[in-house]
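# Tertiary structure, described
In case you want the letters, here they are:
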Amino acid sequence: MRLSDCGVPMATDIVAQLADSLAKAAVEEGELSYKGQGRKLDDAQSVEEMVKEIQDFEDLQALRLEGNTIGVAAAQAIAKALETKSKFKRCYWSDMFTGRLRSEIPPALNSLGDALMLAGARLTVIDLSDNAFGPDGVKGIEKLLKSTACYTLQELRLNNCGMGIGGGKILAASLTQCHKKSSAEGAPLGLKVFVAGRNRLENDGATALAQAFQLMGSLEEVHMPQNGINHPGVTALATAVQHNAGLRILNLNDNTFTEKGAIAMAQALKHLRSIQVINFGDCLVRPAGAMAIAETVSEGLPILKELNLSFGEITEEAALAVAQAVKDRDQLEKLDLNGNCLGEDGCKALKDAMEGMNIGKLLGSLSDDEGEPEDDYEDEDEEEDEDDEDVDEEELVEEEEEEEEEESNDVKLSTPVSAPRPPDVSSFLSFPSPDKLLKLGAKRALLIEQQVDVSDATKTAEAFLKIASVYKEDNNEVKNAVLDSIDALLKKAFATPSFQGYSFVSSLLVLLGLLKSEDKVKPVLVVPGHLHALEHVVRQDYFPKDNVAVLQAFMSR
């Protein structure tokens, strides 16, 4: 049945109205956006129109340049226009150097940073994610990070930038200097959100940043997945996070804790009464580490919502201890123990135990369980410790020289750093990207459908928007993967008796910033993929026409 036959306008009309409303909302927030336009901006002439729009935008607070590629001369022209924008606060500059020479990026960033300092801006957000600029790119923002412009910084997002150990150390030193200088003026740097996944920080980079974290003590979210951090770096981070009492989200997915790191982190968690999300998936926490974390959970963490201990070589006994620990956590929404070493009987025992405690619905899928273990973890840990101590210094020097040569090579283009292994669904939903979605394989729709709790309308809406965000109109493979995944998710949702379609639509409107919420929900960054996905789903048979009517009624109000 066509939607027009139901007495409601076609989906394109709804999406057009939605896009118009969102555009107006962006203007009201003092934001100018060129996000996702795919512009190749090489020189001053190519940004003439953009420069005029920036100059004419009174009280400009935010500039989105994501998804374009910007050369040195173009960056200098944009910077010149920013020199008078004293109320500027938010730099959304991820993925804006694709295809550029590494040598182009530092001067471009220096120009933009100098302009903001000259303007007297007081920044709250810097997002330079998905710019694979290496240590030299960090040098390009070093002066800005140390300046008065960053005394007010609340969010620093540098995901997938290839910073390496050297870049991590420069970043840590810059944040430390900023904190010391701002403290001397009576308003210490209070960074709340730090994101630096997929950066090859390793132990030394993580340890340097840990010292900065401990000094600041203001962090609420730390995301450092896939950084090659082992137990020395994890232990340093554990010491740091316990000094950040307001920490709500700690994501260290896909690093290597082993028991030593996991036990240190378990001790640190005892100091965090505000923690809501703990993601230690794919971190090799092992049975002893899981038991230590279980003990911490059972003793505290009163508002814990999500605990991810997947792919950690955890055995049945440890998994049951974790299940027992979470039974009184009233706000817990999800426990992920997938991919461990429970065996068929262990999986059944875990499910039965959680059902018996009336918390069975919290347990995620166990479809990737590795079966009962055969190895002696203690022996492995001892061998790893010996390996750590006996690392050949000459090998380390060679590796550093190779990395420096690669980073400094002017011919090297800025391209995203490849992940060390295919991501899982939770990794995709935490940090969505087209590449991660495709790497989930042919069963991606089923995997996503299994991961998302469709009985919860809000979580379903959040998942829908995350999947839709990676939509690419010019890439059929990605486009089809997005639409297939969304169709599977929403078909299951609308077929679930307890699913509330009206709540789903309301949640979408709240998350898109078009409807106010009493819970003060932070709207998502709206991208074209959201609109294309909406246009698609409202045409499908599984999407009830009365829900489309509600959406239309809200838009036309």
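Here, every reference points to the structure presented above.
Residues numbered from 1 in each chain as written. Predicted model: local features only at pLDDT ≥ 70, side-chain atom pairs only at ≥ 80, totals over all residues. Heavy atoms only, no water.

### A word on the sheet that holds strand S10 (residues 249–251)
Here eleven strands make up an open sheet; going across it, the order is S1-S3-S5-S6-S7-S8-S9-S10-S11-S12-S13 and the pairing parallel. Each end of this open sheet is capped by a strand with a single partner; those strands are strand S1 (31–33) and strand S13 (334–336). Looking at each pair of strands side by side, their axes are set apart by 5° on average, direction ignored. Sheet analysis places strand S3 (residues 62–64) next to strand S5 (residues 90–92), joined by three bridges and oriented parallel. Bridging across to S5, Arg 64 finds its partner in Tyr 92. (Pairing = 2+ DSSP bridges. Helix = DSSP H or I, 4+ residues; strand = E, 2+ residues; numbered from the N terminus. Axes fitted to C-alpha atoms, helices over the stretch in contact; angles between N-to-C directions.)

### Considerations on empty space enclosed by the protein
Counted by the stated rule, this structure contains four cavities of 30 Å³ or more. Roughly 90 Å³ of volume is contained in the largest cavity. Lining the largest cavity are Asn 159, Gly 197, Arg 198, Pro 225, Gln 226, Asn 251, Asn 253, Asn 279, Ser 427, Ser 430, Phe 431 and Lys 436. Partitioned by chemical class, the residues of the lining of the largest cavity number two nonpolar, eight polar and two charged. In terms of lining, the second largest cavity is formed by Cys 91, Trp 93, Leu 109, Gly 113, Ile 126, Leu 128, Ile 141 and Leu 144. Secondary structure elements with two or more residues in the lining of the second largest cavity: helix H4 (105–119) and helix H5 (134–146). Among the residues making up the lining of the second largest cavity, the classes are represented as seven nonpolar, one polar and no charged. (1 Å grid on protein atoms, 1.4 Å probe; cavity = no way out; pocket = protein on both sides within 12 Å on 5 of 7 lines; lining within 4 Å. Points joined across faces, edges and corners; volume = space filled by probe spheres on them. Nonpolar A, V, L, I, M, F, W, Y, C, P; charged D, E, K, R; others polar.)

### Focus: helix H8 (residues 231–241)
At 3.6 residues per turn, the α-helix brings residues three or four places apart onto the same side. With respect to burial, H8 is a largely interior element, eight of its eleven residues being buried. Turning to H8, its buried residues are His 231, Gly 233, Val 234, Ala 236, Leu 237, Ala 238, Ala 240 and Val 241. (Buried < 20%, exposed > 50% of the residue type's maximum accessible area, 1.4 Å probe, protein only.)

### A short note on the packing of aromatic side chains
Geometrically, a pair of aromatic rings is defined through the distance of the ring centres and the angle of the planes. Evaluated as defined, the whole model comprises eight aromatic pairs. Centre to centre, the rings of Phe 494 and Phe 504 are 5.9 Å apart; their planes meet at 80°, and the pair counts as edge-to-face. Note that Phe 494 is positioned in helix H19 (residues 476–495) and Phe 504 in helix H20 (residues 501–511), a separation of ten residues in sequence. For the pair Phe 499 and Phe 504, a centre-to-centre distance of 5.8 Å together with 50° between the ring planes defines the contact as tilted. Clustering of aromatic rings is evident, with ring pairs tying together Phe 464, Phe 494, Phe 499, Phe 504, Tyr 542 and Phe 543. (Phe/Tyr/Trp six-rings, centres within 6.5 Å; stacked < 30°, edge-to-face > 60°.)

### Quick look at the environment of His 271
Positionally, His 271 belongs in the loop between helix H9 (258–269) and strand S11 (277–279). Under the relative-accessibility criterion, His 271 is labelled partly exposed at 43%. Here the alpha-carbon distance between His 271 and Gly 300, two residues 29 residues apart in the chain, equals 9.0 Å. For His 271, the side chain forms a polar contact with the side chain of Gln 242, separated by 3.1 Å. (Polar contact = N/O pair within 3.5 Å; in protein donor to acceptor, adjacent residues only side chain to side chain.)

### Some points on helix H6 (residues 164–184)
Counted at 1.5 Å a residue, the expected span for H6 with its 21 residues is 30 Å, and the 31 Å between its end C-alpha atoms agrees. Of the residues flanking the end of H6, it is Gly 186, one or two places downstream, whose phi is positive at about 85°. (Expected span 1.5 Å × (residues − 1).)

### Focus on the nonpolar core
Judged by nonpolar contacts, the single largest core of 117 residues is most densely connected at Leu 82, Trp 93, Phe 194, Met 224 and Phe 280. Leaving out residues up to four positions away in the same chain, Met 224 has contacts with Phe 194, Ala 196, Gly 197, Leu 201, Ala 206, Leu 209, Phe 213, Ile 229, Leu 237, Asn 251, Leu 252 and Asn 255. In terms of nonpolar packing, the next biggest core, distinct from the first, is built from 40 residues, Phe 428, Ile 448, Phe 464 and Leu 534 among them. (Core = buried A, V, L, I, M, F, W, Y, C linked by side-chain atoms within 4.5 Å. Contact = heavy atoms within 4.5 Å.)

### A closer look at the environment of Ala 121
In this fold, Ala 121 is placed in the loop between H4 and strand S6 (125–127). Residue Ala 121 is classed as buried on the basis of its relative accessible area, which comes to 0%. As a C-alpha pair, Ala 121 and Thr 84 span 37 residues in sequence and 9.1 Å in three-dimensional space. Apart from the residues lying within four places of it in its own chain, the contact partners of Ala 121 are Lys 85, Ser 86, Phe 88, Leu 116 and Ala 149.

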